[in-house]
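Overview (structure and organization)
So you can see what is in the structure, the chains are spelled out below.
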Amino acid sequence: MSKAHHFVLAAGGTGGHMVPAAALAAELIKRGHRVALVSDDRGVRFPGLFEGVQTHILPAGRLSGGPIGWAKAARAMLSGRAMAIELLRHFQPAAVIGFGGYPALPTLLAAFNRKVPTAIHEQNAVLGRVNRLVASRVSAIATSYATVERLKDAYRGKTHLVGNPVRDSIIALRAKPYPLIEEDGIFRVLVTGGSQGASVLSQVVPDGLSLLPVNFRRRLQVTHQARIEDIDAARAKYAELSIAADLATYLPDLPEHLAWAHLVIARAGASTLAELTCAGRPAILVPLPSATDDHQTVNAREMTAAGGARTIDQRSFTPVELAKQMQRLGLDPSALNNAAARARSCGRPDAARDLADLVESLAETGGDIPIGVPLPNNLKDGMAYA
């Protein structure tokens, strides 16, 4: 890096977009750059992610609701784009990086207008709608998976596999061994539905655990992240079944819980999978069926095919099925250890570093990265397109 630059990150307001954006911001700041965030009112409220980073909220519509909704979205986008043009004129950024979600779109459109180099990062194994809209115009595309659906072969020359950035506290878990399971010792289960929680986990998991053999059930120590509207009922259910469980609507110390977890029961969101594979923790995954383009099911394929997870379609996610899968893993420590190692093999702990290298390359070349020229740290190729 020859000099410090100013970068603008634009991300939708969910954890799946905000967490990797925050990890990149931290890496760029560590390298001496300045960073600004553009999001919506949800994104800027995430606790602890962008402390000390200049943040801006811009209007951004969502393309839904029929003709009337589309018209409202178009007006919001145009308004957001005009505001973003002024922001970029003031910031003079070396590059703009989009992380998907409709709030990222006005800033990327402004960057095209200002001829600022751009990159997008796709967290999922299916290219998201906003990223599909802008893929033909951006300078570079960074992906989290070797195979990405909806990514055209025409973009091969500017596509780079970097992984999905996670927090340093998650990366630190990679150096720690999988927790030892002693005979008749405590078996720790972490249940998490991601940043939004998942009602189905609160409805099924307690009853599923109650079907385990008595000697196994008595060993359980559960930490369960539940939605606020589900937490009281779930807490009562665990108590009724005499299963030791701690419940919370938010887990600010998630890395600590992940460090000691023997098994994780979770949705298949991109950030969740990046953290599981980076830390090397086996999982039972229940993809969100309403996720756009069913991307959570596609996300889960890599870790499941490697043997680090078992995926259960939500329609088949019953207490009986959960208990069956739990016994196959939990009653055989060697199977769990093997699954943990296989989960770890899917991790890409250098994602933040590699994405920062790509972003710096955009700044140094003005967005013109010659095809076939190796980037710093040997950014990965071997992409597959679908």
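Keep in mind that this is a model prediction, so the values were computed, not measured.

Comments concerning the sheet that holds strand 4 (residues 95–98)
- As summarised here, the arrangement of the seven strands in space is 3-2-1-4-5-6-8, forming an open sheet in which the pairing is parallel. Each of the sheet's edge strands pairs with one partner strand only, and the pair in question is strand 3 (54–57) and strand 8 (159–161). Direction aside, neighbouring strands of the sheet carry axes that sit 20 degrees apart on average.
- On the sheet, helix 1 (residues 15–30) packs against strand 1 (6–10), strand 2 (34–39), strand 4 and strand 5 (118–122) and is oriented at approximately 165 degrees with respect to strand 2.
- Along the sheet, helix 3 (residues 105–114) makes contact with strand 1, strand 2, strand 4 and strand 5, crossing strand 5 at roughly 155 degrees.

Focus on the environment of Thr249
- Among the structural elements, Thr249 can be located in the loop between strand 11 (245–248) and helix 9 (254–260).
- Expressed as a C-alpha distance, the spacing of Thr249 and Gln225, which sit 24 residues apart in the sequence, is 5.3 Å.
- The contacts of Thr249, once residues within four sequence positions are left out, are Gln225, Ala226, Arg227, Ile228 and Ile231.

Quick notes on the pairing of strand 9 (residues 187–192)
- Across the six residues of strand 9, five count as buried, placing the element largely inside the fold.
- Summarising the sheet, strand 9 and strand 10 (residues 220–225) pair through five bridges and their orientation is parallel. Paired with Leu190 across the strands is Thr223, a residue of strand 10.
- Where strand 9 meets strand 12 (residues 263–266), four bridges bridge the pair, whose relative direction is parallel. Bridge pairing links Val191 to Ile265 in strand 12.

Quick word on the pattern of salt bridges
- Within this structure, the stated rule accounts for 18 salt bridges.
- Measuring nitrogen to oxygen at the nearest pair gives 2.9 Å for the salt bridge that ties Arg315 to Asp313.
- Overall, Arg315 belongs to the exposed group, its relative accessible area being 77%.
- Residue classification places Asp313 among the partly exposed residues on the basis of a relative accessible area of 34%.
- Among the ionic contacts, a cluster of salt bridges with common partners joins Glu27, Lys30, Arg31, Asp357 and Glu360.

Some words on the environment of Gly366
- Position of Gly366 relative to the elements: it lies in the loop between helix 14 (351–365) and strand 15 (384–385).
- According to the relative accessible area criterion, Gly366 is exposed, its value standing at 55%.
- For the pair formed by Gly366 and Ala94, sequence separation is 272 residues and the distance between their alpha carbons is 7.6 Å.

Considering helix 11 (residues 295–306)
- If you check which residues of helix 11 are buried, you get His295, Gln296, Val298, Asn299, Ala300, Met303 and Ala306.
- If you follow the buried residues of helix 11, they end up packed against helix 10 (270–279), strand 13 (283–285), strand 14 (309–311) and helix 13 (333–345).
- A positive phi of about 95 degrees marks Gly307, the residue just after helix 11.

Things to note about unusual backbone geometry
- Unusually for a residue other than glycine, Asp293 sits at a positive phi of about 60 degrees.
- Counting through the fold element by element, Asp293 comes out in the loop between strand 13 and helix 11.
- The residue Asp294 is not glycine, and still its phi comes out positive at about 50 degrees.
- Position of Asp294 relative to the elements: it lies in the loop between strand 13 and helix 11.

What about the pairing of strand 5?
- In terms of residue burial, strand 5 counts as a mostly covered element, since five of its five residues are buried.
- Neither face of strand 5 is open: one carries Thr118, Ile120 and Glu122, the other Ala119 and His121, and all of them are buried.
- By the bridge criterion, three bridges tie strand 4 to strand 5 in an arrangement that is parallel. Bridge assignment links Ile97 to a residue of strand 5, and that residue is Ala119.
- One crossover worth recording links strand 4 to the parallel strand 5 by way of helix 3, and it is right-handed.
- Here strand 5 pairs with strand 6 (residues 140–143) via four bridges, running parallel. Within the sheet, the bridge partner assigned to Ile120 lies in strand 6 and is Ile141.
- The handedness of the strand 5 to strand 6 crossover, carried by helix 4 (residues 129–134), is right-handed.

Reading the values: rules and limits
- Residues numbered from 1 in each chain as written.
- Predicted model: local features only at pLDDT ≥ 70, side-chain atom pairs only at ≥ 80, totals over all residues.
- Heavy atoms only, no water.
- Pairing = 2+ DSSP bridges.
- Helix = DSSP H or I, 4+ residues; strand = E, 2+ residues; numbered from the N terminus.
- Axes fitted to C-alpha atoms, helices over the stretch in contact; angles between N-to-C directions.
- Contact = heavy atoms within 4.5 Å.
- Buried < 20%, exposed > 50% of the residue type's maximum accessible area, 1.4 Å probe, protein only.
- Salt bridge = Lys/Arg side-chain N within 4 Å of Asp/Glu carboxyl O.
- Right-handed = clockwise from strand over helix to strand, strands pointing away.

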